[in-house]
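Fold and geometry: a report
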Number of protein chains: 2
Amino acid sequence: MKLDFNITIVGLGLIGGSYAMALKELNPKNLWGIDVDLKAIETAEDLEIIDKGYKEAEVPLSESDIVIISLYPEAAIEFIKKHKNDFKRGAVITDTSGIKESIVKEVSAFIPDYVDFIGGHPMAGRESKGLAFASKDIFKNANYIITPSNKNKKENIELVKSIAEGIGCKNVVLIDAEIHDKIIAYTSAIPHIIAVALMNCDNFDKERGYFIGGSFRDATRVALINPDLWSELFISNKENILKEIEEFENNLSTMKEAIKNEDSTLMKEIFNKAGSKRRKLNSNE
Amino acid sequence: MKLDFNITIVGLGLIGGSYAMALKELNPKNLWGIDVDLKAIETAEDLEIIDKGYKEAEVPLSESDIVIISLYPEAAIEFIKKHKNDFKRGAVITDTSGIKESIVKEVSAFIPDYVDFIGGHPMAGRESKGLAFASKDIFKNANYIITPSNKNKKENIELVKSIAEGIGCKNVVLIDAEIHDKIIAYTSAIPHIIAVALMNCDNFDKERGYFIGGSFRDATRVALINPDLWSELFISNKENILKEIEEFENNLSTMKEAIKNEDSTLMKEIFNKAGSKRRKLNSNE
């Protein structure tokens, strides 16, 4: 695709840096970066991830047709609020954060009419943070969620959609921001909560290490959780997450009772249900 | 290693079949199989996984120096009880089941003095069952747990140890049966319970499929659980498992409260603790 625009990435971390690297391949007119960290700017410029980096946002924003905010949710809202009058007329702004309702709602309340903020969430990432781990390939075959509001222009939604496809995403899904947050509480927050809760159950001495097999490693892989990012994501999506934790706890309770009562019939029912759902998941890949 | 013995594998399923295939490489004097399923016997003979298969146990047992019971726990105990007088004098019998205390205790109570039953647990497996999925490589780099009792002869324990090493296991660990069951409740049962409970939380329509990322897949990988095997394992290790579920539930509760109270300080403490434990786990690999 031809991406004949000036694009600015705000936040040159894992996602922002990767996004820039992937966008480079699409030959934008100019590709700029904004970060408070001078080292990140220098590195991004040296590696030619961006054409030029800025600590101060006003100049690149004033000339950017597309702005991609790759900051944690609170910082993203703060940034847009601080610079709401610095955007170019007609600019399309999107973000990459893992929750959507609050950011879309808040930004829509103060953003000028002449720019279009479209919530976005590339379902991609690594258990690490920072530019050093960025790669243009993290979006390959990933899913990209866009949460349009009724203020967004159709052609701008299409633009974000084609960018997502251009950087390698397999499925670009348009969905309501509120529904996004409900689903993500289940599919993303709960596995992270589980991993942490499971990991914290015990202390490891060398002996126990020998009993760790694939199932334990898989269940705790994301226990290496980014504390700043995830505490924000959990608080921002509190109601949905609490609801999902409770449903999960109910299922645990049911299993606990079945084991207590040595009810193998009920257990097998539960197992078969889970197995057939998991199989169905595999076929959706 | 030279394995100049007659060896019988009881149960030509995933583990039994794989064990036979791995043992073949060590050139035992004779390698026999016992199974109630004629088809499994035929297949194992055709593929030369075993030298000869038997539906009736008496003949191979009477001549076997080593007997490896690869049946589910209850069936393993039943088999040994039924054939307790059919074993060769001086035979070493071991098993492969995922719980140890009950089988070691029960078998020790009725086994004749002239045979030696040594509890064993190769930490290997696949999310499938049956001879079709067997492979000599499932033990490569796996851990193998042996749970000697005070009745076991030292040289027989050493024999089982060298067999485990011979089939490719990386670490062979000698540990008390009771402690094995405590640990395995945490490292193995709980991840399976979690996977099932998580999978059963929701119904999938095509849309939700797009929100499934690595963390969800990892947490639910073992939801494709073998119902017969795992209901037995859970019931056999009931007390330890219930204890571990409760500890896990407490941790979930703590996280739930932290989210409810928007206590990001507490959350980050919890995350950092889990992260450093997970990192320690990686360094134990």
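As recorded in an unreviewed UniProt entry, chain A goes by the name Prephenate dehydrogenase, listed as coming from Clostridium pasteurianum DSM 525 = ATCC 6013. Quoted verbatim from the Sequence similarities (unreviewed entry) field of UniProt, the annotation for chain A is "Belongs to the prephenate/arogenate dehydrogenase family." Under the heading Pathway (unreviewed entry), UniProt records this for chain A: "Amino-acid biosynthesis."

1. Describing the side chain of H180 of chain B
Secondary-structure assignment places H180 of chain B in helix α7 (residues 177-199). Once you skip the residues sitting within four places of it in the chain, H180 of chain B turns out to touch F211 of chain A together with G98, I99, K100, H121, I145, T147 and I175 of chain B.

2. Considerations on the relation of the copies chain B and chain A
Rotating chain B by 180° and moving it 0.0 Å along the rotation axis overlays it on chain A with an RMSD of 0.0 Å. Read as a symmetry element, the transformation amounts to a two-fold axis. A high fraction, 100%, of the interface residues of chain B reappear at the interface in chain A, so the copies pair face to face through one surface.

3. Overview of the packing of aromatic side chains
Under the defined criterion, the tally for this structure stands at eleven aromatic pairs over all chains. Seen in terms of ring centroids, W230 of chain A and F234 of chain A are 5.7 Å apart; in terms of plane orientation they differ by 65°. Their pairing is edge-to-face. In this pair, W230 of chain A and F234 of chain A are both assigned in helix α10 (residues 227-236), four residues apart and thus about one turn of the helix distant. When the centroid spacing of 5.7 Å and the interplanar angle of 75° are considered together, the rings of F271 of chain A and F234 of chain B count as edge-to-face. With one member in each of two chains, F271 of chain A in helix α12 (residues 264-283) and F234 of chain B in helix α10 (residues 227-236) form a pair that bridges those chains. For F271 of chain A, a relative accessible area of 1% translates into the label buried. Residue F234 of chain B is classed as buried on the basis of its relative accessible area of 1%. Put simply, the rings of Y19, F139 and Y144 of chain A pair up and form one aromatic cluster. Directly above the aromatic system of Y54 of chain B lies the positively charged group of K52 of chain B, at a separation of 5.2 Å from the ring centroid. Between the NZ or CZ atom of R89 of chain B and the centre of the ring of Y114 of chain B, over which it lies, the distance is 4.4 Å.

4. A word on the sheet that holds strand β3 (residues 52-54) of chain A
Residues and elements named next belong to chain A. Spatial ordering of the open sheet is given by β3-β2-β1-β4-β5-β6-β7-β8, a layout of eight strands whose pairing is mixed. Each edge of the open sheet is held by one strand with a lone partner, namely β3 and β8 (171-174). In this sheet, adjacent strand axes meet at a mean angle of 25° when their direction is disregarded. Summarising the sheet, strand β2 (residues 30-34) and β3 pair through three bridges and their orientation is parallel. In the strand pairing of β3, G33 is matched with G53. The strands that helix α5 (residues 101-110) touches are β5 (92-95), β6 (116-123) and β7 (143-147); relative to β6, the one it contacts most, it runs at about 165°.

5. Here's the deal with empty space enclosed by the protein
Applying the stated criterion across every chain, the model contains one cavity of 30 Å³ or more. Around the largest cavity, the lining residues are P191, D218, A219, R221 and V222 of chain A together with S215, D218 and A219 of chain B. Secondary structure elements with two or more residues in the lining of the largest cavity: α9 (214-220) of chain A together with α9 (214-220) of chain B. The greatest single-element share of the lining of the largest cavity, amounting to three residues, is contributed by α9 of chain B.

6. Comments concerning the interface of chain B and chain A
Every contact between the two is made by 82 residues of chain B and, on the other side, 82 residues of chain A. Approximately 8,600 Å² of surface area, both sides summed, lies buried where chain B meets chain A, with 68% of it carried by carbon and sulfur atoms. When the buried area of chain B at its contact with chain A is split by residue, Y186, F211 and R278 of chain B rank highest and sum to 10% of it. Counting every contact that joins chain B to chain A gives eight salt bridges. Two residues, K256 of chain B and E249 of chain A, come together in a salt bridge whose shortest N-O distance is 2.8 Å. Linking chain B with chain A are 28 residue pairs in polar contact (both at pLDDT 80 or more). Elements supplying a minimum of two residues to the side of chain B that touches chain A: β7 (143-147), β8 (171-174), α7, α8 (206-209), α9, α10, α11 (238-260) and α12 (264-283) of chain B. Along the lines of polarity and charge, the residues of the side of chain B that touches chain A split into 42 nonpolar, 19 polar and 21 charged.

7. Here's the deal with the pairing of strand β2 (residues 30-34) of chain B
The buried fraction of β2 of chain B is high, at four of five residues. Between the parallel elements strand β1 (residues 6-10) of chain B and β2 of chain B, the chain passes through helix α1 (residues 14-24) of chain B in a crossover that is right-handed.

8. Description of the nonpolar core
Core analysis: the biggest nonpolar cluster contains 70 residues, and F234 and F248 of chain A together with F234 and F248 of chain B have the highest contact counts within it. One finds Y19, I68, I157 and V172 of chain A within the second-largest nonpolar core, a separate group that totals 37 residues.

9. What to know about α7 of chain B
An α-helical segment advances 3.6 residues per turn. Residues three or four places apart therefore align on the same side. Residue and element names in this part refer to chain B. In a regular helix each residue adds 1.5 Å, so 23 residues correspond to 33 Å; α7 covers 32 Å between its end C-alpha atoms and thus fits that length. At A185, α7 shows its largest kink, close to 45°. When you tally the buried positions in α7, you get 20 out of 23 residues, the bulk of the element. Capping the start of α7 is the job of one residue whose side-chain oxygen sits 3.0 Å from the backbone nitrogen of E178: D176.

10. A closer look at the UniProt feature "coiled-coil region" (unreviewed entry) in chain A
Per the UniProt record, "coiled-coil region" (unreviewed entry) is annotated on residues 238-265 of chain A. Between the end C-alpha atoms of residues 238-265 of chain A the distance is 36 Å, and the span holds 89% helix and 0% strand.

Rules used throughout
Residues numbered from 1 in each chain as written. Chains lettered and ligands numbered in written order. Predicted model: local features only at pLDDT ≥ 70, side-chain atom pairs only at ≥ 80, totals over all residues. Heavy atoms only, no water. UniProt positions renumbered as here; feature names shortened; annotations may be inferred. Helix = DSSP H or I, 4+ residues; strand = E, 2+ residues; numbered from the N terminus. Contact = heavy atoms within 4.5 Å. Least-squares fit on C-alpha atoms with pLDDT ≥ 70 in both. Phe/Tyr/Trp six-rings, centres within 6.5 Å; stacked < 30°, edge-to-face > 60°. Buried < 20%, exposed > 50% of the residue type's maximum accessible area, 1.4 Å probe, protein only. Lys NZ or Arg CZ within 6 Å of the ring centre and 35° of its normal. Pairing = 2+ DSSP bridges. Axes fitted to C-alpha atoms, helices over the stretch in contact; angles between N-to-C directions. 1 Å grid on protein atoms, 1.4 Å probe; cavity = no way out; pocket = protein on both sides within 12 Å on 5 of 7 lines; lining within 4 Å. Points joined across faces, edges and corners; volume = space filled by probe spheres on them. Buried area = accessible area lost by both parts, 1.4 Å probe. Salt bridge = Lys/Arg side-chain N within 4 Å of Asp/Glu carboxyl O. Polar contact = N/O pair within 3.5 Å; in protein donor to acceptor, adjacent residues only side chain to side chain. Nonpolar A, V, L, I, M, F, W, Y, C, P; charged D, E, K, R; others polar. Right-handed = clockwise from strand over helix to strand, strands pointing away. Core = buried A, V, L, I, M, F, W, Y, C linked by side-chain atoms within 4.5 Å. Expected span 1.5 Å × (residues − 1). Bend = angle between axes of the 7 residues up to and from the residue.

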